[in-house]
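# Per-entry structural report
As a plain string of letters, each chain reads:
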Amino acid sequence: MAVQSETRNGLVFAVNGERFELSSVDPSTTVLEFLRSQTRFKSVKLGCGEGGCGACVVLLSMYDPVLDQVEDFTASSCLTLLCSVNGCSITTSEGLGNSKDGFHPIHQRFTGFHASQCGFCTPGMCVSLFGALVNAEKTNRLEPSPGFSKLTVSEAEKAISGNLCRCTGYRSIADACKSFAADADIEDLGLNSFWRNGDSKEVKINRLPFYNRNKEISTFPEFLKKEIRSSMLLDSKRFIWYNPVSVKDLQSLLESIEADNGSLIKLVSGNTGMGYYKELYRYDRYIDIRHIPELSSIRKEPTGIEIGATVTISKAIEALKKENKCEVHSKGEMVFEKIANHMEKIASGFVRNTASVGGNLVMAQRRHFPSDIATVLLAVGSMVDLMNGPRREKIMLEEFLERPPLDSKTVLLSVKIPNWESIKNISCETNTMLLFETYRAAPRPLGNALPYLNAAFLAELSRCKPSDEIIINNCQLAFGAYGAKHAIRAKKLEEFLAGKILSVGVLYEAIKLVRATVIPEDGTSSPAYRSSLAIGFLFDFFSPLIDNRGEISNGLLDGYMSNILVKDSKINHNYVQLDHNKTQTLLSSAKQVLGLSTEYHPVGEAIYVDDIPSPANCLYGSFICSTEPLARVRGVKFQPKPYPDGLAAVITYKDIPTGGENIGSKTIFGTEPLFAGELTECAGQRLAFVVADTQKHADMAIKFAVVDYDMENLEPPILSVEEAVERSSLFEVPSFIYPKQVGDILEGMAEADLKIVSAEIKLGSQYYFYMETQTALAVPDEDNCMVVYSSSQVPEWTHIVIARCLGIPHHNVRVITRRVGGGFGGKSVKAMPVATACALAAHKLRRPVRIYLDRKTDMIMAGGRHPMKITYSVGFKSNGKITALQLDILIDAGLSADISPVMPHNVLGALKKYDWGALSFDIKVCKTNHTSKSAMRAPGEVQGSFIAEAVIEHVASVLSMEVDSVRSINLHTYNSLNLFYEGGADEPFEYTLPSIWDSLATSSSLCLRTEMVKEFNSDNKWRKRGISRIPIVHEVMLRPTPGKVSILNDGSIVVEVGGIELGQGLWTKVKQMAAFALSSIKCDGAGDLLDKVRVIQSDTLSLIQGGFTAGSTTSESSCEAVRLCCNILVERLRPLRERLQEQMDSIQWEMLIDQAHLQVVNLSASSYFVPDLTSMRYLNYGAAVSEVEVNLLTGETTILQTDIIYDCGMSLNPAVDLGQIEGAFVQGIGFFMLEEYLTNSNGLVVVEGTWTYKIPTLDTIPKQFNVQVLNSGHHQKRVLSSKASGEPPLLLAASVHCATRAAIKEARKQLLSWSSQDESTTNSTTFQLEVPATMPVVKELCGLESVERYLEWSMGTK
Ligand SMILES: Cc1cc2nc3c(=O)[nH]c(=O)nc-3n(C[C@H](O)[C@H](O)[C@H](O)COP(=O)(O)OP(=O)(O)OC[C@H]3O[C@@H](n4cnc5c(N)ncnc54)[C@H](O)[C@@H]3O)c2cc1C
Ligand code: FES
Ligand code: FES
């Protein structure tokens, strides 16, 4: 909509150099909404809508006509309001380059480094990097070498540290970004398609797509500069958007509004607060306060720095750091620098660039936001300047925070941070010094995560002569974000400490006061943990100053001090041991791999369902879900408005047409209804589908829905597996998939020297967190047909469900899936009801209906991984050999069967990786009143593999043996493997695990590092390390898959396969296979067919029986189906080629095909690959070593290094497989260490998005990540000898969990030594470590009172 209207005072801006002028717009419209719905620039994606994922990042550029300067910064377009970009230029990934005008080197390098899988996050990543590049180029740093930029490696990493990717595991993305950095070590970059191992440095640099910094695109078009030089005023009335330019203007504007009673006004600065509060209503007036100089400037005075309220956090950081540079060597200046360092951990770069300091403080004051800025500025005695009508007042920040919430007309003008140097007489001469430090404990160290607690301490100290002891003259100690209304100063503590000589005793008393002060309010999660953090931080601050400094300072301050954390954060995780030269692949040349890759992913030209333009008359849906687990639904109303804006219809089960069924999904085990009937049976169940004129209106409408429930005379719901068993609420598991017991358990137990009886483990769920939420578009077609575009892993079954729901013949439905923005199992069964609801609404309303689920609803409906409770008894010899394992497993399947009956098989399949002697089990699949759980990457296998490790760990701790020895002793021999897998072990040489196990020990220097870990642990009190090696055996199964290959007139080739491209590289492998298999025709040019192959979208009427894309093997079976088609085509073409060859020396591919068309050869072939019963199952092997470091004061676990060896058979494409291995492993880190998919007591999911659900980011992956893809050689029966890589490596992430357990064990031993108890009488080393092992969990096991115990011990030993 590039409107060139005559309108004056309209909203004018540029997108990728194109001019846009709007004469009016709803002021609550965000840049993202506008770009996605009204322009062709679809690269900006909606991943969260709350500033937490980076999928929507754009580059905003502002022009200053006075200085003739352009300011460029990244911003989250989902939070930036459109009216606030008046006069700005927006650059999206398409603006950097595209398939028509040529790609940008950022795109090319992302492609070449294989840094894009599903591609959904990639455009946002590219723009984040571009923003950093553009700004680095503006610095006066030295000229970099040709092809590089002025960016540093650290900046490159930070640029993307706030962007989420659920597919790649980040290593490849970091490499692509670092390849631009002037200080990049090119040898340090991992596998890519540009160079081969052994190439010289020069060759490598030359092969990188060239980055020409002198020819970088202009971010601000000239025409807009000219317009800005005249006038760019918005017509306030038309836009109800006001831009006061002075405090006076603002005052009179607020006064005039006051007269206009009841008007809802919103002061807008960066509008990022919306990411947290998700305000639903539209205000009557918006006042943009960023253009008032007094609010937007930073004033440096001798007494301190005054920061205007609208100054962005990024600008404040810059100013505070600059301040420091001017006054190097003074003590007071450190205060500014440390404040800046702390601020760098707030949110992410693209949020900080627009988020204001004032907005943050107002959120903290008015709405109790757990602010970092409030805490840090409180400690240094900051003051705020307020304006209310004509009244202005300057008050201390402390008083500001304590006041009742500000009314909407009070304006925060500025905040002043005092210069401590000028206030205090601090110098060597006066023998006083200033100590300042800030702290925060958050799940992700580099930010983009709210802290559990933050703190900032300022102390003025002097040294007593001659004793040299340290006296605290006075101090200011602030704590915040721990579940109190606002940050506080710990006054009693400050008073207690003032004038005291620092000693262990004083610190001990001080800590008691902290415990009495930092008390989270009721309802705050992990309250005891938060209090213990406060203690840990205070201890960390003061203890190095106590006389026994030698001991205490022993690494103590490292890493806890915020500035050191940042310095430490250089992420070095890039030793991919993958050798192109040794790797035999179908197509191993660098050019070919590059040629295969989809460069339009990084650009953002790849079309996902929500990128398809809406057809005319399209409506949008949103689900109302139940909040009760078991209740009659009397009705649904909307309040306060009975008819929310834009509402078109509310669809329920009553709207299912005659002849149709209330069916939302199906598997071979049963169906699930689309909507609850009169009875809702779980919280999260779909009650109704609200349809409105826009997605925003539909999403808003559901928030106003009020459901009338009636629980009278209903049985209580079943909300635990124990209740399910008690009430015999179980799903049947068909006997053919129920696993078989091994050996005689009684005999096995009798053989044992020792037994552990009835130990328990509980495992929770995990959410998919695909970046693209569930989405579908249904378009009614002629003759009662329905075309549905669905982001689905199983279009075939989605098709069946839609037809059954609508009661129409199957040939009246067509489901089209081009690509899926991440699936991980969540878009198999769970995508079906989403598509079906759209189809039902479209059918009823005879209009197209689409949906793009908001993250919260997606999380509520998803179900996710199966929680389970495991009770085990194990018998073992005193040398660690296990003789018998007995398991009782209760699996929570939720409301419907879904795929849950396969869970026993999957759990046991992975658990059998060890030789348990005898194995006996009872596994129940429980039907509960929870949302039905579904397949999630390695469903059951990840739990099974973990259970095995938990048992091994337990046995080792009872025997006080090295866990690694217990693992080694229980690894299978070939014979025991064959016994446990019922003859599925293939040939002896194919059992590669023992050799992987040994090679990994060597390649990871396991023995040496184990010794080093021991040494580290004895040298360090507050940091402990652990190292752990684990094996995996993972069974996969091939499924029947169709394929179709057609050769068109010009020789180009079209391929259709049953498998769906989810980011797992299926299309890449399929393309390779088609080119490879057709090349056997052996004519000129047939060896280079890759560029001629196009894989097209899945269409359920064009290619039937597509089946599930799941279980890691779809790429293989799709490839095999394609190979069969190609063989048919080659057979058909061969006689013609032979005839032609008799006539001429050389036959070109194009000519052969042209002749084939003329001679009516059938050039389209279909196949249905049905795997041979004898080879449809096979075992995958791998092993990993992980080393972690646990911070005993915070419970934070840092993964120092992971080494993996994984057997890919003969990899079809090592780059794709490597990406799968790394991505799966990192998703496993999420499961084991970070992700808590929490529900309330009704079973309703309460985590709503990126604020509370923390998937790994760049800063939580292994700092060094070495992956070796083992090419184990030829396997007769498998598709080109390859092995699956999609799921099994996820299981290897348990190594991180086990290493954490090892580190905790050390912490507990130490704690015990401080308590002077005998280890043998306590259970310090035998404990269960929960999954996920989050910071509170780890800290609790390390001792919430470890600091007190240590101090008591110290005092006692003196
Ligand atoms: C993803 C994400 C992560 C975050 N993580 C953290 C974190 O870890 N730690 C942390 O401390 N913060 C964090 N924040 C909060 C962030 O710092 C604030 O959202 C931001 O600073 C608010 O500034 P803004 O300019 O966007 O305010 P806006 O959103 O424009 O305004 C916020 C509120 O304050 C009002 N307001 C704004 N300015 C004034 C003023 N001068 N006078 C009176 N009222 C005013 C507005 O009307 C609105 O009600 C995070 C935010 C996001 C989106
Ligand atoms: S969609 Fe904007 S940050 Fe996630
Ligand atoms: S490639 Fe990053 S989310 Fe899929």
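For every chain, the first residue of its written sequence is number 1, and the numbers climb from 1 along that sequence. Lettering for chains starts from A, numbering for ligands starts from 1, and both go in the order in which the items are written. In view of the model being predicted, local features appear only for residues whose pLDDT reaches at least 70, and side-chain atom pairs are presented and counted only at 80 or more, with totals across whole chains, interfaces and linings using the full set of residues. Hydrogen atoms and water are omitted, and side-chain values are computed over all heavy atoms in the structure.

### Things to note about the nonpolar core
Our working definition: We define a nonpolar core as any set of buried Ala, Val, Leu, Ile, Met, Phe, Trp, Tyr and Cys residues linked to one another through side-chain atoms lying within 4.5 Å. Relative accessibility under 20% of the residue-type maximum defines a buried residue, over 50% an exposed one, and the middle range a partly exposed one, all with a 1.4 Å probe and only protein chains included. For helices the rule is a DSSP run of H or I covering at least 4 residues; for strands it is a run of E covering at least 2, with both sets numbered from the N terminus onward. A contact between two residues is defined here by any heavy atoms of the two lying within 4.5 Å.
Core analysis: the largest hydrophobic core is formed by 300 residues, its most contacted members being Phe479, Phe689 and Trp916. The leading source of residues in this core is helix H42 (residues 1214-1234), at eleven residues. Those residues in contact with Phe689, other than ones at most four positions away along the chain, are Gly621, Ser622, Phe623, Ala649, Val650, Ile651, Phe675, Ala837, Cys838, Ala841, Val849 and Ile851. Core analysis: the next-biggest nonpolar cluster, separate from the first, contains 38 residues, Ala1074, Trp1149, Ala1156 and Val1161 among them.

### So, the pattern of salt bridges
Applied cut-off: Here, a salt bridge means any side-chain nitrogen of Lys or Arg that lies within 4 Å of a carboxyl oxygen of Asp or Glu.
Counting across every chain of the model gives 75 salt bridges. Linking Lys278 and Glu50 is a salt bridge whose minimum nitrogen-to-oxygen distance equals 2.9 Å. Remark: Glu50 occurs in the loop between helix H1 (31-38) and strand E3 (57-64) and Lys278 occurs in the loop between helix H11 (274-277) and strand E8 (285-288); sequence separation between them is 228 residues. Relative accessible area serves as the criterion here: at 33%, Lys278 is assigned to the partly exposed category. The shortest N-O distance in the salt bridge between Glu437 and Lys338 comes to 2.8 Å. Here Lys338 lies in helix H14 (residues 333-343) and Glu437 lies in strand E14 (residues 432-441), a separation of 99 residues in the sequence. On the accessibility criterion, Glu437 (0% relative accessible area) is buried. Judged by its relative accessible area of 9%, Lys338 falls in the buried class. Three or more residues joined by partner-sharing salt bridges are found here, namely Lys913, Glu949, Glu953, Arg967, Arg1301 and Lys1305.

### Structural notes on the site of ligand 1
The line we're drawing: Only heavy atoms are used to decide nearness, and a residue is near a molecule or strand if one of them lies within 4 Å of it. The term polar contact refers here to a pair of N or O atoms within 3.5 Å; inside protein, the definition further demands a hydrogen-donor-capable atom paired with an acceptor-capable atom, and it admits residues adjacent in sequence only when both atoms are side-chain atoms. For the accessible areas, the method is Shrake-Rupley and the probe is 1.4 Å, while residue cover comes only from the protein chains on display.
For ligand 1, the set of nearby residues contains 35 residues, the closest of which are Leu267, Gly270, Thr272, Ser356 and Asp372. The contact in question runs from an oxygen atom of ligand 1 to an N or O atom on the backbone of Ser269, over 2.8 Å. In the model, an oxygen atom of ligand 1 is placed 2.6 Å from a nitrogen or oxygen of the Ser356 side chain. For ligand 1, whose accessible area on its own is 970 Å², the fraction buried by protein is 97%. Contributions of two or more residues to the shell around ligand 1 are made by strand E7 (265-268), helix H16 (357-367), helix H17 (372-379) and strand E13 (411-418).

### With respect to the packing of helix H33 (residues 903-911) against helix H34 (residues 941-959)
The test is simple: Under this scheme, a helix contributes an axis fitted over its contacting stretch, all axes are lines through C-alpha atoms, and angles between N-to-C directions fall in the 0 to 180 degree range. In these notes the angle categories are as follows: under 35 degrees is roughly parallel, over 145 is roughly antiparallel, 65 to 115 is roughly perpendicular, and the rest is oblique. Here a crossing is taken to be left-handed if its near helix is turned anticlockwise relative to the far helix by less than a right angle, and right-handed if that turn runs clockwise. All amino acids are sorted into three groups, where Ala, Val, Leu, Ile, Met, Phe, Trp, Tyr, Cys and Pro are nonpolar, Asp, Glu, Lys and Arg are charged, and the leftover types, Gly among them, are polar.
Two numbers describe how H33 lies on H34: the axes approach to 7 Å, and their chain directions differ by 40°. Classified by the angle between their axes, H33 and H34 sit oblique to one another. The handedness of the crossing between H33 and H34 is right-handed. Across the interface between the two elements, Met903, Asn906, Val907, Ala910 and Leu911 from H33 touch Glu941, Gln943, Gly944, Ser945, Ile947 and Ala948 from H34. A breakdown of the residues in the contact of H33 with H34 according to their chemical character gives six nonpolar, four polar and one charged.

### A closer look at the sheet that holds E8
Two pairing modes exist for strands in a sheet, parallel and antiparallel, and in both the strands are linked by backbone hydrogen bonds. Basically, it comes down to this: We treat two strands as partners when DSSP finds at least two bridges between them.
Ordered by their spatial adjacency, three strands build an open sheet running E6-E8-E7, and the pairing between neighbours is parallel. Two strands lie at the open edges of the sheet, namely strand E6 (241-242) and E7, each paired on one side alone. Sheet topology places E7 next to E8; four bridges connect them, and they run parallel. Its bridge partner lying in E8, Lys266 is registered against Tyr286.

### Examining the packing of aromatic side chains
The cut-off we apply is this: We call Phe, Tyr and Trp rings a pair once their centres come within 6.5 Å, taking the six-membered ring for Trp, and we label the pair stacked below 30 degrees between planes, edge-to-face above 60, and tilted otherwise.
This model, assessed by the stated rule, comprises 42 aromatic pairs. Ring centres of Phe539 and Trp1022 lie 5.2 Å apart, and the angle between their planes is 65°; on these two criteria the pair is classed as edge-to-face. Linking Phe539 in helix H22 (residues 527-542) with Trp1022 in the loop between helix H38 (1006-1019) and strand E35 (1023-1037), this pair joins segments that are 483 residues apart in sequence. What makes Phe539 buried here is its relative accessible area of 0%. Seen in terms of ring centroids, Tyr914 and Trp916 are 5.6 Å apart; in terms of plane orientation they differ by 75°. Their pairing is edge-to-face. Of the residues examined, Trp916 reaches a relative accessible area of 0% and is grouped as buried. Ring-pair connections join several aromatic residues into one group, and the members of that group are Tyr439, Phe457, Phe479, Phe537, Phe541 and Phe542.

### As for the pairing of strand E12 (residues 391-396)
The sheet contact formed by strand E11 (residues 383-388) and E12 spans six bridges and is antiparallel. Residue Met383 lies in a different strand from E12, and its bridge partner there is Met396. Taking the residues between adjacent antiparallel strands as the criterion, E11 and E12 are bridged by two residues, where Gly389 takes a positive phi near 60°.

### Here's the deal with the sheet that holds strand E2 (residues 18-22)
Read across the sheet, five strands follow the order E2-E1-E5-E3-E4 without closing on themselves; strand pairing throughout is mixed. What marks the edges here is a single partner per strand, and that holds for E2 and strand E4 (69-76). The mean inter-strand angle of the sheet, taken between neighbouring strand axes irrespective of direction, is 25°. Judged from the two bridges that link them, strand E1 (residues 11-15) and strand E5 (residues 89-91) form a sheet pairing that is parallel. Paired with Val15 across the strands is Ile90, a residue of E5. Contacting E3, E4 and E5, helix H4 (residues 122-137) crosses the sheet at an angle of about 30° to E3.

### Observations concerning the environment of Ala831
Here Ala831 shows up in the loop between strand E30 (813-817) and helix H31 (832-845). Under the relative-accessibility criterion, Ala831 is labelled buried at 2%. Ignoring any residue separated from it by four or fewer positions in sequence, one finds Ala831 in contact with Gln774, Ser791, Ser792 and Gly826.

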